[in-house]
Amino acid sequence: MVRLGRINLELFEYCAPERSTAQPLNSDIGGHHLALYVDDVDAARAYLSSVPGVTLMEGPNGVAEGSPVEGQRWFYFTTPWGLQMEIASCPDGTFYRGRPGERMAPPAERRG
């Protein structure tokens, strides 16, 4: 169980002899990943590079100019148990500006 602010996130792994061990692509049926928004994508990458069993993928990457999330930087990594995760950040805190989730609380805001 991981606590993220007021959110509890349960991470677990099924063990069964008939299970597939092939990692699906995010675009595959059943494919998925968990994304975490951070204030500093470079610091997150540096930290994760020191965690045993974590495999970093290419990045940090950016998005094209004119994109709804222009300025966003991100990278994927794989946990020691095989879960694909993403780290994302926007340096000016405008990740949701003009998007349907604009009223979501940015990471820097803390609510009681």
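Worth saying up front: this structure is predicted, and the values here are computed from it rather than measured. (Residues numbered from 1 in each chain as written. Predicted model: local features only at pLDDT ≥ 70, side-chain atom pairs only at ≥ 80, totals over all residues. Heavy atoms only, no water.)

Engineer: Whenever I open this one, the pattern of salt bridges confuses me. Can you help?
Structural biologist: Where charged atoms from two side chains of opposite charge come close, those side chains can pair. By the definition in use, this model includes one salt bridge. Between R73 and D42 there is a salt bridge, and its shortest N-O distance comes to 2.9 Å. Pair noted here: R73 is in strand β6 (residues 73-78) and D42 is in helix α1 (residues 41-48), with a separation of 31 residues, a long-range link. (Salt bridge = Lys/Arg side-chain N within 4 Å of Asp/Glu carboxyl O. Helix = DSSP H or I, 4+ residues; strand = E, 2+ residues; numbered from the N terminus.)

Engineer: Help me understand the packing of aromatic side chains, please; the structure alone is not making it clear to me.
Structural biologist: We describe a pair of aromatic rings using the distance from one ring centre to the other and the angle between the two ring planes. Tallied over the full model, the rule gives two aromatic pairs. Residues W74 and Y76 carry aromatic rings whose centres are separated by 5.4 Å and whose planes lie at 70 degrees to one another, so their mutual orientation is edge-to-face. Look at W74 and you get partly exposed, because its relative accessible area is 23%. Summarising the aromatic geometry, the rings of F75 and F77 are spaced 6.4 Å apart at their centres and angled 45 degrees between planes, so their arrangement reads as tilted. When its relative accessible area of 0% is taken as the criterion, F75 is described as buried. By relative accessible area, F77 is classed as buried at 5%. When the ring centre of F75 is taken as origin, the NZ or CZ atom of R45, which lies over that ring, is 5.0 Å away. (Phe/Tyr/Trp six-rings, centres within 6.5 Å; stacked < 30°, edge-to-face > 60°. Buried < 20%, exposed > 50% of the residue type's maximum accessible area, 1.4 Å probe, protein only. Lys NZ or Arg CZ within 6 Å of the ring centre and 35° of its normal.)

Engineer: Which parts of the structure should I look at to understand the nonpolar core?
Structural biologist: Soluble globular proteins tend to pack their nonpolar side chains together in the buried interior. Membership of the largest hydrophobic core is limited to nine residues, which are V41, A44, L48, V54, F75, F77, L83, M85 and I87. Sorting the residues of this core by element identifies α1, β6 and β7 (84-89) as the ones contributing at least two each. With three residues, the top contributor of residues to this core is α1. Once you skip the residues sitting within four places of it in the chain, M85 turns out to touch L34, L36, F75, Y76, F77 and T79. (Core = buried A, V, L, I, M, F, W, Y, C linked by side-chain atoms within 4.5 Å. Contact = heavy atoms within 4.5 Å.)

Engineer: Hey, could you run me through the environment of L9 in this one?
Structural biologist: Its place among the elements puts L9 in strand β2 (residues 7-9). The residues touching L9, leaving out its near neighbours within four places in the chain, are M1, V2, L4 and L34.

Engineer: Help me understand the side chain of N61, please; the structure alone is not making it clear to me.
Structural biologist: Mapped onto the fold, N61 is located in strand β5 (residues 61-62). A distance of 3.0 Å separates the side chain of N61 from the backbone oxygen of E58, its partner in a polar contact. Contacts of N61, omitting those with residues within four sequence positions, involve Q72, R73, W74 and F75. (Polar contact = N/O pair within 3.5 Å; in protein donor to acceptor, adjacent residues only side chain to side chain.)

Engineer: Looking at this structure, I do not really get a nonpolar patch on the surface. What am I missing?
Structural biologist: A contiguous nonpolar surface patch, about 420 Å² in accessible area, is contributed by V2, L4, I7, L11 and W81. Looking at the secondary structure, you find L11 in the loop between β2 and β3 (34-37). (Patch = residues over 30% accessible without salt bridge, like charges linked within 9 Å, V, L, I, M, F, W, Y side chains within 5 Å. Areas by Shrake-Rupley, 256 points an atom, 1.4 Å probe, with all protein chains shown as cover.)

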